[in-house]
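The primary structure of each chain is shown beneath.
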Amino acid sequence: MQQFIQGMSQALEPQAILYLFVGTVSGLVIGTLPGLTATMAIAILTPLTFWLSPNEGLAMLVGVWNSAIFSGGISAILINTPGTPASIASTFDGYSLTRKGLAGLALGINVVFSAVGGILGILALILVGFPLARFALSFGPAEYFSLAIFGLSTMVAVSGKSIIKGMLAGFLGFSISIIGLDPIFGSERFTFGRMELLSGVSFIPVMIGLFGVGEVFYQIYAFTHSEITSEKTVGQLGRVVPTFKEIKGMMPVSLFSSVIGIIIGAIPGAGADIAGLVAWDQSRRIAKKPDEYGKGSLEGLAASTTANNACLGGALTTMMSLGIPGDAVTAVLIGAFIMYGVQPGPIMFRDRADFVYMIVILMVLANIAFLSVGFLASKILTKFLSLSQSFIWTTIIILSLVGAYAINNSPFDLFIVFVAGTLGFVLRLIDVPLGPIVLALILGPMAEANMRRALILSRGSAFVFFTRPISLVLLILSVVSILGSLIRKKKT
Amino acid sequence: MKRFLVGFLVIMVVMLFAAYPDKPITFIIQAAPGGASDMVSRTITSIAQEILKVPITCTNITGASGAIAMKRLQTSKPDGYTMGYVPVELSMVKALGFADFGPEDFDLLMRIMVIPAAVTVRADSQWKTIQDFIDYVKSHPGTVTVGNSGPGSIWHIAALSLEKAIGTKLVHVPFDGAAPAVAALMGGHITAVTVSPTEVKSGVESGQLRILAVMSEERSPLFPQVPTLKELGYDVTVAAWGGLALPKGIDPQIYKILAEAFKKAYDSEAFQKFLSDRGMTPAYLDGENFKAFAVSQFNMFMELIPKALGK
Amino acid sequence: MADLIFSLTTLCFSIYLFVGSSKLPKGVSNIPGPGFFPNLLAWVILFLSCALLLNGVWKIIKRKGQRIIRGRWKRTLLIIIGTFVYVLLWGKGNFFINTWLLLLFIQLTTKSKWYYALIGSTILSLSVYLLFGKIFHVMLF
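Not measured: the values here are computed from a predicted model. (Residues numbered from 1 in each chain as written. Chains lettered and ligands numbered in written order. Predicted model: local features only at pLDDT ≥ 70, side-chain atom pairs only at ≥ 80, totals over all residues. Heavy atoms only, no water.)

A look at the overall build of chain A
Heads up, the rule is: Starting at the N terminus, helices and strands are each numbered in turn, a helix being any DSSP run of H or I of at least four residues and a strand any DSSP run of E of at least two. The globule rule used for comparison is 2.2 Å times the number of residues to the exponent 0.38, while the radius of gyration itself is calculated over C-alpha atoms. Buried means the residue's accessible area, taken with a 1.4 Å probe over protein chains only, is under 20% of the maximum for its type, while exposed means over 50%, and partly exposed covers the values in between. Residue-level accessible areas treat just the shown protein chains as cover; the underlying method is Shrake-Rupley with a 1.4 Å probe.
Looking only at helices and strands, one finds 22 helices and two strands in chain A. For 492 residues, the compact-globule formula gives about 23 Å, and the C-alpha radius of gyration of chain A, at 22 Å, lands near that figure. When the backbone C-alpha atoms are referred to their principal axes, chain A occupies close to 65 × 60 × 50 Å. Relative to its full complement of 492 residues, chain A shows a buried share of 69%. Counting only carbon and sulfur atoms, one obtains 71% of the accessible surface of chain A, whose full area is about 15,500 Å².

As structure tokens, this is what we get:
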């Protein structure tokens, strides 16, 4: 109890709160800009925390982290370009809502449910931290493979009208993901002798190109003048704050998605992007209007935005209770912990409980912080849509190009954005869905590497995928999910 | 008059060099934000920029085991405004077939640290000492699974060298980085890992993992009770290291300014604390000795890697 | 029509994958090698393309095939080429001027009033330059 009060008083110091808000605002800017990710934001700020006391430094980092994941949804909703990979699934319903003239409401839902997810994630850390972390450890290569397959089963749902086309798009995405050094032997595959391709085609430029630049090219091609003007009035409409009734109506989907987000977040190596996609597809089962998913469903948006923020609590659980970083962000956070003389792991919970409480309270405060800043920012950012269409297009193109370059300072990535953008345009023209491509790009490498790893460990026996319980359950769920989507498609 | 002119020129030249650095320095990091290289770079530059009185801006360029970033550094203008971090991969990328340069294509500034490889198993396993483990591996060839951080990575080389030294066969399981390998070890999916002590520190302290041996010349300051393989008569030393480099052809004056500033930053209390917190052995070498060291490593890898990976 | 184009392209792509993956080792005794997955993908893509191709031909026979949406070819092509030139010229000249020219070009092609385009592209390229170049220290040129 004494330690709780100690941790709380540290978290509630005025300077800590100030730095928390500084972090929240910088996270908001970085997260909204396509290309700049939460990892970059935290890595840039970590050396600054060198001169700050632990509570101030961590307040800033935690603020940036939560707010960057939340604000990635803003650009997903407004311009169909995920600000960070965590928000890919938010484009499915978010952008459709914008096209319907509900951009404000979509942004409001993004704010509210990101915070709901974030706070539930932290609750999980407090309530079931250690069992959850132990469960995450039981994921070996076989389980990772089955998890990837489970994620890939979403492909049918995001396939649009024609399943064959969707599957083809997905396997094309898979083929792009095999470029580079192979994950087990390190042989070069389809690198065309280029050094830039050794580590594969970077995922973020492809995503920005397909969704952002491709969409702009398509609009430039397809929009007539009347459409532009209607689009303009649409952009000005829309309230931001959802009603209590709306929030209540989306709560079941949101709770369900946060559980998915927390579990996937806790598993090292599976992050918020996968959590958002899986939650978006699976929450359909309990949604009130499952047929609206992908066509501007408020529930669908709530599911993806809850799941990606809930993920943070899960990732923090594994990081704090085992000392294993689940992703790049938690790796940097471990560094910050160690810098302040605290080694994450079970011992931290025993010896430095005050520190643990401080982090937990800071995480909750960070959610409250972006809840307050987020509404304001959403209100201002919807104004962007009321600018002239030509200016909006120009802005998206240049932000996509420079943003993609900024990730790695690589002119080659710029080239990838361009190619992906043109491809995105052509695929839109011939009505090929883009969701499966991105899905396979994320999950393909995970499926391949872990399948081969599992087979090395089992000395070539494929039974390993069916004899291990978690793996078997995931595979069964994948089949159920595919069949469910197929039946739903038949009906419509 | 002539004298005056010469004097004037000398003063001008001195002023010109005294003026270095007068604009921000770009620092290229060859790895993603968050890793060991990134943290070392960002920490030492944040201290050095106070000494040099100009901002040093860090830039991450990833890909091909750092070869892309190092290539960029190598082809930058040697004016002292571009420098970078070079890891052990500087001596490896040519052998791996990723690039066509080696340590001699740079002006190396200093070595900062080394991190040895360590053999780690689960704490609840049957092996209490490295000898137990070696005996077991010898009597069960081709069954013990050892995780590493990726094909062709330095920890993969560590496992291969161990295998060669004890003369048996291991099953190598590459993961996407050291952290997933450690997680797989904790979850009981593999038998051992050959990554750095830093990466297993938390698991060891909480009693889940046990370090059996380190592969360095001297014992790790992080775990002084753990023996080195060399003490036990197995001649394997594999360690990752990191240092600073400049494009080749740098002006000696500028080199001196940078070398002094970064030595000062290296000696600072804050940086030394950072290194020991992270379990890295501080291992300063000046430019010349660092070059000799990197070249010897380069020659070793040129011989070792093609044999080990079948490349 | 659209389906036909897409399926023929992916069909060619699958053949390319076959050729490309044939040089990679397939793996030994149930443990797949680097060439296993590319080869598998080639088969799946080949199969799916054939299915889509037949489906497309069937639709054309039944005259149900959907047309490609009509639109403004010229300006789209101009903007795509403009963007390509910008990407090609990355690193040459001056970042601000290159960006300013691209933005002006896009706005003028999409029928913005010239003074509006001039002001818009100046503000936008300046803010991109300051934000990325000065605040985030991206290596611009």
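Overview of the overall build of chain B
Quick note on the threshold: In this analysis, two residues are considered to be in contact whenever any of their non-hydrogen atoms come within 4.5 Å of each other. The charged-residue count follows a simple rule in which Lys and Arg add positive charge and Asp and Glu add negative charge, with His and chain termini not counted at all. The atoms used to mark charge sites are NZ of Lys, CZ of Arg, CG of Asp and CD of Glu.
Helix and strand counts for chain B stand at eleven helices and eleven strands. Relative to its length of 311 residues, chain B is compact, with a C-alpha radius of gyration of 22 Å against a globular reference of 19 Å. For the C-alpha atoms alone, the extent of chain B along its principal axes is close to 85 × 40 × 30 Å. Scored against the burial criterion, the 311 residues of chain B give a buried share of 59%. Summarising the internal contacts of chain B: among those between residues at least 6 apart in sequence, 76% fall at separations of at least 24. As presented, chain B carries roughly 12,200 Å² of accessible surface, and 57% of it is formed by carbon and sulfur atoms. Each charge class in chain B can be summarised by its mean position, and for the 28 positive and 28 negative side chains these summaries are 3 Å apart.

Section: the pattern of salt bridges
Residue and element names in this part refer to chain A. Rules: Take a side-chain nitrogen of Lys or Arg and a carboxyl oxygen of Asp or Glu: if they are within 4 Å of each other, that pair is a salt bridge.
For the structure on display, the rule yields 21 salt bridges over all chains. Glu215 is the partner of Arg99 in a salt bridge, and the nearest nitrogen-oxygen pair spans 3.8 Å. Note that Arg99 is positioned in helix 5 (residues 88-99) and Glu215 in helix 10 (residues 203-222), a separation of 116 residues in sequence. Overall, Glu215 belongs to the buried group, its relative accessible area being 8%.

As for helix 6 (residues 103-137) of chain A
In an α-helix there are 3.6 residues to a turn, and that puts residues three or four apart on one side. Residues and elements named next belong to chain A. Applicable threshold: A helix is expected to reach a length of 1.5 Å times the quantity of its residues less one. Bend is computed residue by residue as the angle between axes fitted to the seven residues ending at the residue and the seven residues starting at it.
Look at helix 6: only 40 Å from first C-alpha to last across 35 residues, short of the 51 Å you get at 1.5 Å a residue. Along helix 6, the sharpest kink reaches roughly 95°, centred on Val128 and followed within four residues by the proline Pro131. Counting buried positions over the 35 residues of helix 6 gives 25, a clear majority of the element.

Some thoughts on the side chain of Gln297 of chain B
Residue and element names in this part refer to chain B. Tracing the chain through its elements places Gln297 in helix 11 (residues 287-309). With relative accessibility at 13%, the residue Gln297 sits in the buried group. Setting aside chain neighbours within four positions, we find Gln297 in contact with Val88, Ser91 and Trp241.

Examining the interface of chain B and chain A
Accessible area lost upon the coming together of the parts is a frequently used measure of interface size. What counts, and what does not: The term buried area denotes the loss of accessible surface (1.4 Å probe radius) that occurs when two parts are joined, taken as the sum for both partners.
Residue-level contacts link 46 residues of chain B with 51 residues of chain A. For the pairing of chain B and chain A, the buried interface totals around 3,600 Å² over both sides, and the portion due to carbon and sulfur atoms is 65%. Viewed at the interface, chain A and chain B are joined by zero salt bridges. Contributing elements (two or more residues each) for the side of chain B that touches chain A: helix 2 (36-52), strand 2 (56-60), helix 3 (67-74), strand 7 (171-174), helix 7 (178-186), helix 8 (197-205) and helix 10 (269-277) of chain B. The biggest single contributor to the side of chain B that touches chain A is helix 2 of chain B, with five residues.

Brief notes about the sheet that holds strand 2 of chain B
In any sheet, the strands associate via hydrogen bonds between backbone groups, in a parallel or an antiparallel arrangement. All names here are of chain B. Rule in force here: We call two strands paired when DSSP finds no fewer than two bridges between them. Every axis in this analysis is a line fitted to C-alpha atoms, fitted for helices over the stretch in contact. Angles between the N-to-C directions lie between 0 and 180 degrees.
The six strands lie next to each other as 2-1-3-10-4-11, forming an open sheet whose pairing is mixed. Each of the sheet's edge strands pairs with one partner strand only, and the pair in question is strand 2 and strand 11 (281-286). The sheet shows a mean angle of 20° between the axes of neighbouring strands, direction not considered. With four bridges joining them, strand 4 (residues 106-116) and strand 11 adopt antiparallel strand pairing. Residue Arg111 lies in a different strand from strand 11, and its bridge partner there is Leu285.

A closer look at the pairing of strand 7 of chain B
All names here are of chain B. Counted only if it meets this: Orient the strands so they point away from the viewer, and a crossover whose first-strand-to-second-strand path over the helix runs clockwise is right-handed.
Burial along strand 7 is two-sided: the residues Val171 and Val173 and His172 and Pro174 are all buried. Bridging between strand 6 (residues 145-148) and strand 7 involves four bridges; their strand directions are parallel. For Val146, the partnering residue across the bridge sits in strand 7 and is His172. Read as a crossover between parallel neighbours, the route from strand 6 over helix 6 (residues 154-166) to strand 7 is right-handed.

Thoughts on the nonpolar core
Note the cut-off: Buried Ala, Val, Leu, Ile, Met, Phe, Trp, Tyr and Cys residues that are joined via side-chain atoms within 4.5 Å together make up what is termed a nonpolar core. Just so you know, the domain bounds were taken from an automatic or database domain assignment.
By size, the foremost hydrophobic cluster in this structure holds 200 residues, and its most contacted members are Leu58, Trp65, Leu316, Met320 and Phe465 of chain A together with Phe132 of chain C. At 15 residues, the largest contribution of residues to this core is made by helix 6 of chain A. Residue assignment places this core across two domains, with domain 1 (2-61) and domain 2 (73-135) of chain C each supplying three or more. Filtering out sequence-adjacent residues up to four positions away, Phe132 of chain C remains in contact with Leu33, Leu36, Leu399, Val402, Gly403 and Ala406 of chain A together with His137, Val138 and Leu140 of chain C.

Structural notes on the interface of chain A and chain C
This is how it is decided: Residues are sorted three ways: Asp, Glu, Lys and Arg are charged, Ala, Val, Leu, Ile, Met, Phe, Trp, Tyr, Cys and Pro are nonpolar, and all the rest, Gly among them, are polar.
With 59 residues of chain A in contact, the opposing surface of chain C contributes 61 residues. For the pairing of chain A and chain C, the buried interface totals around 5,600 Å² over both sides, and the portion due to carbon and sulfur atoms is 81%. Counting the surface chain A buries against chain C, the share from its top three residues, Leu168, Phe190 and Tyr221 of chain A, is 12%. Summed over the shared surface of chain A and chain C, the number is one salt bridge. Ionic pairing is found between Lys165 of chain A and Asp3 of chain C, a salt bridge with its closest N-O pair at 2.7 Å. Going through the elements one at a time, helix 9 (163-177), strand 2 (188-189), helix 10, helix 18 (389-408), helix 19 (411-429) and helix 20 (435-457) of chain A are the ones with two or more residues in the side of chain A that touches chain C. When residues in the side of chain A that touches chain C are grouped by element, the largest group, 13 residues, is from helix 18 of chain A. Partitioning the side of chain A that touches chain C into residue classes produces 39 nonpolar, twelve polar and eight charged.

Describing the environment of Tyr284 of chain B
Residue and element names in this part refer to chain B. You can see Tyr284 is positioned in strand 11. Taking the C-alpha atoms as reference points, Tyr284 and Arg111, separated by 173 residues in sequence, lie 5.1 Å from one another. With residues near it in sequence (within four places) discarded, Tyr284 still touches Met110, Arg111, Ile112, Lys263 and Tyr266.

Observations regarding unusual backbone geometry
Phi at Phe190 of chain A takes a positive value of approximately 50°, unusual for a residue other than glycine. Summarising the element assignment, Phe190 of chain A is placed in the loop between strand 2 and helix 10. Phi is positive for Lys53 of chain B, close to 65°, though the residue is something other than glycine. The residue Lys53 of chain B is located in the loop between helix 2 and strand 2 in this model.

Comments concerning a nonpolar patch on the surface
Rule in force here: Only residues whose relative accessible area exceeds 30% and that form no salt bridge enter a patch; like-charged residues are grouped when within 9 Å of one another, and nonpolar side chains (Val, Leu, Ile, Met, Phe, Trp, Tyr) when within 5 Å.
On the surface, Phe415 and Val419 of chain A together with Trp73, Leu77, Ile81, Phe84, Val85, Leu88 and Leu89 of chain C cluster together into a nonpolar patch covering about 800 Å² of accessible area. In terms of residues, the nonpolar patch owes the most to one element, helix 3 (residues 73-88) of chain C, which gives six residues. Inspection of the secondary structure assignment puts Trp73 of chain C in helix 3. For Trp73 of chain C, a relative accessible area of 48% corresponds to the partly exposed category.

Structural notes on helix 7 of chain B
With eight of its nine residues buried, helix 7 of chain B lies for the most part within the structure. Residues of helix 7 of chain B that are buried: Ala178, Ala179, Ala181, Val182, Ala183, Ala184, Leu185 and Met186 of chain B.

Quick look at the packing of helix 13 (residues 272-282) of chain A against helix 14 (residues 298-322) of chain A
All names here are of chain A. Threshold: In this scheme the handedness of a crossing depends on how the near helix is turned from the far one: anticlockwise by less than a right angle means left-handed, clockwise means right-handed.
Viewed as axis vectors pointing N to C, helix 13 and helix 14 meet at an angle of 145°, and their least axial separation amounts to 8 Å. Between helix 13 and helix 14 the crossing geometry is right-handed. Residues Ala272, Ala275, Gly276, Ala279 and Trp280 of helix 13 pack against Gly300, Ala303, Ser304, Ala307, Asn308 and Cys311 of helix 14. Here the contact of helix 13 with helix 14 is built from residues that sort into seven nonpolar, four polar and no charged.

A closer look at the domain arrangement of chain B
All names here are of chain B. This is how the line gets drawn: Distance and chemistry together define a polar contact, namely a pair of N or O atoms within 3.5 Å, with one atom able to donate a hydrogen and the other to accept it when in protein, and with adjacent residues in sequence counting only for side-chain atoms on both sides.
You can read the domains of chain B as domain 1 (22-114 + 240-309) and domain 2 (118-214). The straight-line distance from the C-alpha centre of domain 1 to that of domain 2 is 28 Å. Taken together, the two surfaces of domain 1 and domain 2 that pack against each other cover about 850 Å², and 72% of this comes from carbon and sulfur. There are zero salt bridges connecting domain 1 and domain 2. The interface formed by domain 1 and domain 2 includes zero residue pairs in polar contact (both at pLDDT 80 or more). Among the elements that take part in the side of domain 1 that touches domain 2, helix 11 stands out by supplying five residues, more than any other. Looking at the side of domain 1 that touches domain 2, its residues break down into nine nonpolar, one polar and two charged.

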